[in-house]
Structure formats: C-alpha cells, structure tokens
Amino acid sequence: MNKLTSVVLAAMLVIPAAPASAQEKESAAQAKAQELGEKILSDYGVSGLQYAIRDQGKVTVSGGFGVSDKAAGTPITKDTMFGIGSISKMHVSAATMMLAEDKIIDIDQPLTTYLPQFKMADERYKKITPRMLMNHSSGLYGSHYGNSILMDDNDTQNHDDLLTRLQSERLKSDPGAYSVYCNDGFQLLELMIEQVTGSSYTEFLDKHMSSPLKLSSTKTPLDTFDRQKLAKTYFPGLTQAMPAENANILGAGGLYSTAEDLTTFAEMLNGKIPDVLSKASATAMQQPEYKNGLWVPEERNSFNYGLGWDAVDLAPFGDYGIKALSKGGDTIMYHADLITLPESDISIAVLSSGGSSIYNTIFASNVLLAYLKDTGKLQKILPDATFTPPVKAAMPAELEAYSGLYGTVGSTTAITIKDGALNLPELEGGLIPAQKYIYTGKGQFTSPDGSAAVSFDKQKNGKTYLKLNTHLTIPGIGQMLMVTYEYQKLDANPLNASTNQAWAQRDGKHYYAVDEKINSFFYLSPSILTKTVKVEQGYATGTRIVDENTAVNAAEIPVMNGRDAFDLTFSKQNGAEYLTIDGNEYISGDAVKPIYGGRASVSTVPADGQSVWFKIDKKAAGKTMTVTAPPSGGYVVYDADGMIVSHSRVSQDPSVKLPQGGMAVFGGQAGDVFKIELR
C-alpha cells in the first residue's frame, strides 16, 4: 500500500453516476456513490473515478465522476481505461490455475521444475512453489521496482533482469513460514507462464482470458490499443497532464482495464465461467491460505490472503454472514479495488486516477452494502464503529519488559513503557498520527480517540510483535478495519569499535539513486529514490548491521509491514561512497557537487549511463536554469523539502527557477550532453 497524500485540488467537474436502466429514480447505492465520489474528488487528490456493479452477469449500476482530461473537460465514461495496479495479480494467479487445470504445472511442485533459470544464493529457494508465490509465503524479499513504472515507455528491462538480480540474493524466511505481501512472486509467475507456454504473457492473457471473456478494454503496456482511452493523471505541483503511465511489471501490477471489464473478470473468479476457469480452481483461490503459516491472531480484518486475493473474508461483510473477496491495487498514478461476493455472484470495481486504493475500497464496500439493501439482500446497514476516549487502567508491571528497540522495513523505533503508557510514531502511512497510547486493560494500550489499540504478541517463531487493531477513518468517506503487526522487537546487536565508527559516520546521510531512467514515475516521489541512513543500537534503517559495509534485513513480519525488505551494502568507487540496494546503486550526498553557478556549463551522462545529481547552493539559487537536452535526456528539480518543482519530461519546458537548498538530477543515455545556462 502506498504512503498516502491528501491533497486538496481545485474544484473539478463532477459527472453524476449513470442511473441503472431498470430504475426510474436514484437508488440508495447510486446516492451513496454520488456522495462518496464527490467527496473523494473534492478532498483526496482524485481527478477521475469510475465504478460498476455486476449482478449475476448483468451490469446493474455504473457511473463515473470527474474528468479523464482536465484541459478538454472530457468526462469519465464506462469505456475510460485505468491502470489497475495489483489487481493484475489476480490475472496472473488465474492464468497459473488454468495451467494447473491442464496439468501443465502443479502449484505444489518446486518453481524450478517449470522455471529452471530461477536460482538464488540461498538453497531454500528450491522449496518455493507456485502456490507460495500466489499466497505471498515464498520468503522472497519482496519487490524489485527499478525502472518498472515509466512514462510512455514499455521497456521490459525490469522483467528481463529479475532472474539475474535474484541469483545473488537470499530469502528473508523459510518458504511457507508466513505470508507477507510480495510483488516479485507474481513477476516470477509471469516468467513461469512464458517459459511453459512459449508465448509472451501479453499474448497468453489475450488468447486465454481477454478474448473468451470479451474483455475488450483489458490490456498490458505491450498491447496495441487506443491510448487516448486511458484516463489522464495529474500530480500535485505540476500543471500538465502526466505522460501515460506504463507499469512494466505485468504480473504484479501492469494491466489496464475498466470497471465493467473487471466485474466480468470477477464472474470468472467466482467460478461462473467454467469454460475459462473451473469452479474448482476458483474455489481453491478463495481458501484461507494465510492460515498455512504465522499470522496475526485471526480477527475481523481487511487482509486475509487467498491465492492472489488480499482478503477471502473481507470486513465488514462477515458481520452480515456474507463471504466477500477483495483485491486492491496501486501504482504511482492509478488506484483500484475489486470486491466480489462469490455466493451471490455480485461484484463491484472502483478505479481512479489519483487518490489511494484505501479510498476505493471504502467506496466499494459502502456502495455495495447499499446495493445489497436496495435489492433486499440486507435488511439494514450497520453503522460505523464509534469510539470514546480511553480510561486508564492499572498496568501489570511485567508489561514494562516489552520496552526495547523495535523495527519494521526501513525504520526502527525505541518503545519505552512507563507509567502505563507508551509513545509511537505515526502509523499506516500517516493515517494514524504520532501519539501516546495509555494502558486500558487486557494487555492493550489505546489511542487518545479510542480508535486504535496496540498490544504485544509473542509468536511461535520466538519473535515479539507490536500488534495494531484499528478502524482507519477517512473523513467524509468511511472506515476500514485493519489488524496488523506494525513492528518486531529486535535482538541486541552490539558492534565492535571499527564497525560502530563506520556506521556512525553514515548516520543521517542521504544517498541518491543513479540507475533509474529519467522518465521513471519514481522521480515524482523522491523518497523512493533517496535513502536516508538512520543508525540506532546496531541497526541501520531497519536492517541489522553485520560489518563495516553491510547490513541485512531483520524484519520477519507477516501481513504487510515486512514487505519490500532490503539489505544495505556500501562500497567506494572513484573516491565516492555508493549504497547498493536490490542491485540498484545510490551515490552518497557527500559526493554530490553543487551545480555550477556561473553563466554556462555542461553535464554529460557517463559511460555507465548513471544519472548525475547536483546540489543547488546559494550561488545558483534564484537563477533561472535553461537546459538544452538531447531527445533521450531530461532533468528533474526539487526544492529543499524534496517536493518536485519541475520535470522536463512532463512540462517539456527547458527552463526552471532553481530553489535554494534543492536538488537537480540529469539523466538519459550514456554520452548525452546537457548544455546548462543560468541567468
């Protein structure tokens, strides 16, 4: 799940949801969709949103809000296409099950049986099966994002390099030990499908899924189709529409579709189109795979993995005795959610440009509940949970023993339990603020508003976790229940003097990615391309320090917060320190020079093709930089807070005023020359 940004946009055109043809007046479902759609557009950074409900094979409600093109004022229609992000995992999972039906593969045999090129520097990789890839229990670190989400560019480098990158890497846990979200697993399924069928994954989807299901708007970046059908996307701080987003990680998150196409696809996942996917395969995908390994104690939740599915028992539908399946998806620019009720064959899909899949999930849940009431399947809808400020209780003294250093992927935090209270930093991407939790009995500490409770859970693997149980409330939209492990208690890791000194010198320093193509969407969010090393008690940015130049992943956390793990490896090249993560290099900020503050200068992409970063100091700040760049080149400028000021591949503007304390990066092909003038 992406870290959320709540950006209030200017007033936008709102297109009402199209009424169902069989109804003369607006239904409760349509009214709820209108209410939530308008709120999401006005307050949550969304420019366009589309939804559809399919009931036993027929679209009964559908609609769109906002625009697909701000400049032209083009409304969202049922034919507008969006990126569907990780809902794409359902397509590759279904494709895998089709191959299993045809006895081409067995999902419980080692992956190496079907993809012999798959090797790792960890003998445990030989135990990984296709089932483990689908239920997120493979033990893989998680994601190789490098050069995967590009502007108008369907470069297959990420796909082509994955097996090579994995050859030098290890697993973070035994295969099958527990499930934690993992993108690379679905990329490996894509490669397996190509290996055993002899066709490209794009061709396989078209022949075996899109064509028989008549999914005319479900495509990959490698397909040929009318790109004008894609909803345009917009980024805060940039006035122009973004170039088309190509998520070139097809198995993990690269497909485009429409809400109506996705609800047809959901019929297949419900077992209603057995000529494409058998009922037995659909049912197998819906089983509680998360129970096979370590998991947060089972409760009502929004995460309980099946094969591909994020949830096979989505809250709050279980409260009504209804089995609901759910899959969400996020890229940089697009967001999506699909919920289906297999027993009644009713599905809703919600797609958006901007926002977050969390918003789409809450929209989908509330509108679907209203629809079930409209159609007589529910008598009433339960109100959202309400909370009262906690009342402090006497805390058993033994709970103080849970004090210590805790870690998750990318960070550590020291937790001190004192006087029946503890302080925690912000959680869930900032949706839960940094605050004090007080002891309220039964081992729980509760937030000031009563909506979040944390406790400590020692699991059978010997690890102690900080457990969070919360109703995330998005103002004006609704609630989403989440029960997760947020942090893992870390073992003491004393360092010798030389190792401690080496890492102390890196504490607080920034490192900048040099391998990412300049047309990558990741430049919109420099936190992805900038790594800051924080050293604390033998750990660095959540990793366990091993020696003077190496730190390895320490997180073994089920569900979500152990995802996208990494190791840190430092080296010296031509006098500069570099950090390597997942095979991608980052240059130390100490080696980044100020941009030349005089009238004219030249910057050249070196022979290795790495991007060139510059600091903007007082000599250059306030001046207007004009760049003459080759067609393959481009630049990005950030202010002192890391917010994007200009991206030449978006604005097509060669000039920008340089901000004090900011950064600039130039990238392109090896040998590209940039002529830079400052005035």
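Residues numbered from 1 in each chain as written. Predicted model: local features only at pLDDT ≥ 70, side-chain atom pairs only at ≥ 80, totals over all residues. Heavy atoms only, no water.

**Quick notes on the overall build of the protein chain**
Here is the rule: Per the convention used, a helix needs a DSSP run of H or I reaching at least four residues, while a strand needs a run of E reaching at least two, with both numbered from the N terminus. Any residue under 20% of the maximum accessible area for its type is buried, any over 50% is exposed, and the rest in between are partly exposed; the area is computed with a 1.4 Å probe on protein chains only. Any two residues whose heavy atoms approach within 4.5 Å at even a single point are treated as in contact.
Secondary structure assignment for the protein chain yields 13 helices and 36 strands. With the C-alpha coordinates of the protein chain rotated into their principal frame, the extents come out at 70 × 65 × 55 Å. Out of the 679 residues belonging to the protein chain, those deemed buried represent 58%. Sequence separation of 24 or more characterises 68% of the internal contacts of the protein chain that already satisfy a separation of 6 or more.

**Side note on the confidence of the model for the protein chain**
A low pLDDT means the predicted coordinates there should not be read in detail. Here is the rule: As a per-residue measure, pLDDT tells how confident the predictor is, with possible values from 0 to 100.
With 96% of its residues at a pLDDT of 70 or more, the protein chain shows a mean pLDDT of 94. Predicted confidence is poor over residues 1-23, with pLDDT under 50, and the contacts of this stretch with residues over four places away or in other chains come to 63 contacts.

**Regarding the environment of Gln488**
In plain terms, the rule: Distance and chemistry together define a polar contact, namely a pair of N or O atoms within 3.5 Å, with one atom able to donate a hydrogen and the other to accept it when in protein, and with adjacent residues in sequence counting only for side-chain atoms on both sides.
If you trace the backbone, Gln488 turns up in strand 18 (residues 478-489). Here Gln488 falls in the buried class, since its relative accessible area comes to 2%. Counting along the chain gives 76 residues from Gln488 to Thr412, while the straight-line C-alpha distance between them is 9.3 Å. Those residues in contact with Gln488 that sit more than four places away from it in its chain are Leu405, Tyr406, Gly407, Lys463, Thr464, Tyr465, Ala554, Ala555, Glu556 and Ile557. Of the polar contacts made by the side chain of Gln488, one reaches the backbone oxygen of Ala554; its length is 3.1 Å.

**Observations regarding the packing of aromatic side chains**
Which entries qualify depends on this criterion: Aromatic pairing here means that ring centres of Phe, Tyr or Trp (its six-membered ring) are within 6.5 Å. Orientation follows from the plane angle: under 30 degrees is stacked, over 60 is edge-to-face, and everything else is tilted.
Tallied over the entire structure, the rule returns 22 aromatic pairs. Ring geometry for Phe118 versus Tyr125: centroids 5.4 Å apart, planes at 85°, classification edge-to-face. Each of the two residues, Phe118 as well as Tyr125, counts as buried. An aromatic cluster is defined as three or more aromatic residues linked by ring pairs; in this entry it consists of Tyr402, Tyr406, Tyr439, Phe445 and Phe456.

**Side note on unusual backbone geometry**
Excluding glycine, a negative phi dihedral is what most residues carry, and trans is how most peptide bonds are arranged. The amide bond that connects Ala315 to the next residue, Pro316, takes the cis arrangement and shows omega of 10°. Tracing the chain through its elements places Pro316 in the loop between helix 9 (279-285) and strand 8 (325-330). At Glu428, a residue that is not glycine, the phi angle is positive and equals roughly 50°. Secondary-structure assignment places Glu428 in the loop between strand 13 (421-424) and strand 14 (435-441). A positive phi angle, near 80°, is found at Val559, a position not held by glycine.

**Focus on helix 4 (residues 157-166)**
Applicable threshold: Note that the arc is computed from the directions linking the helix axis to the C-beta atoms.
Buried residues of helix 4: Asn158, His159, Leu162, Leu163 and Leu166, and no others. Each buried residue of helix 4 lies within a common arc of 140° when the element is viewed along its axis, so the set occupies one face. Here the buried face of helix 4 lies against helix 5 (184-197).

**Overview of the pattern of salt bridges**
How we decide: When a carboxyl oxygen of Asp or Glu lies within 4 Å of a side-chain nitrogen of Lys or Arg, that pair is called a salt bridge.
For the structure shown, the criterion picks out 18 salt bridges. Between Lys509 and Asp590 there is a salt bridge whose closest N-O contact spans 2.6 Å. Of this pair, Lys509 sits in the loop between helix 11 (497-504) and strand 19 (510-513) while Asp590 is found in the loop between strand 27 (584-588) and strand 28 (593-594), placing the two residues 81 residues apart along the sequence. The exposure class assigned to Asp590 is exposed, which follows from its relative accessible area of 55%.

**A few points about the sheet that holds strand 35 (residues 663-667)**
To keep it simple, the criterion reads: Between any two strands, pairing holds if DSSP finds at least two bridges.
The sheet built from 5 strands is open, its strands ordered 28-30-35-32-33 with mixed pairing. Looking at strand neighbours, the two that pair on one side only are strand 28 and strand 33 (644-647), the edges of this open sheet. Pairing analysis gives 5 bridges linking strand 32 (residues 634-638) to strand 35, with the strands arranged antiparallel. Its bridge partner being in strand 35, Tyr638 is matched across the sheet by Met663.

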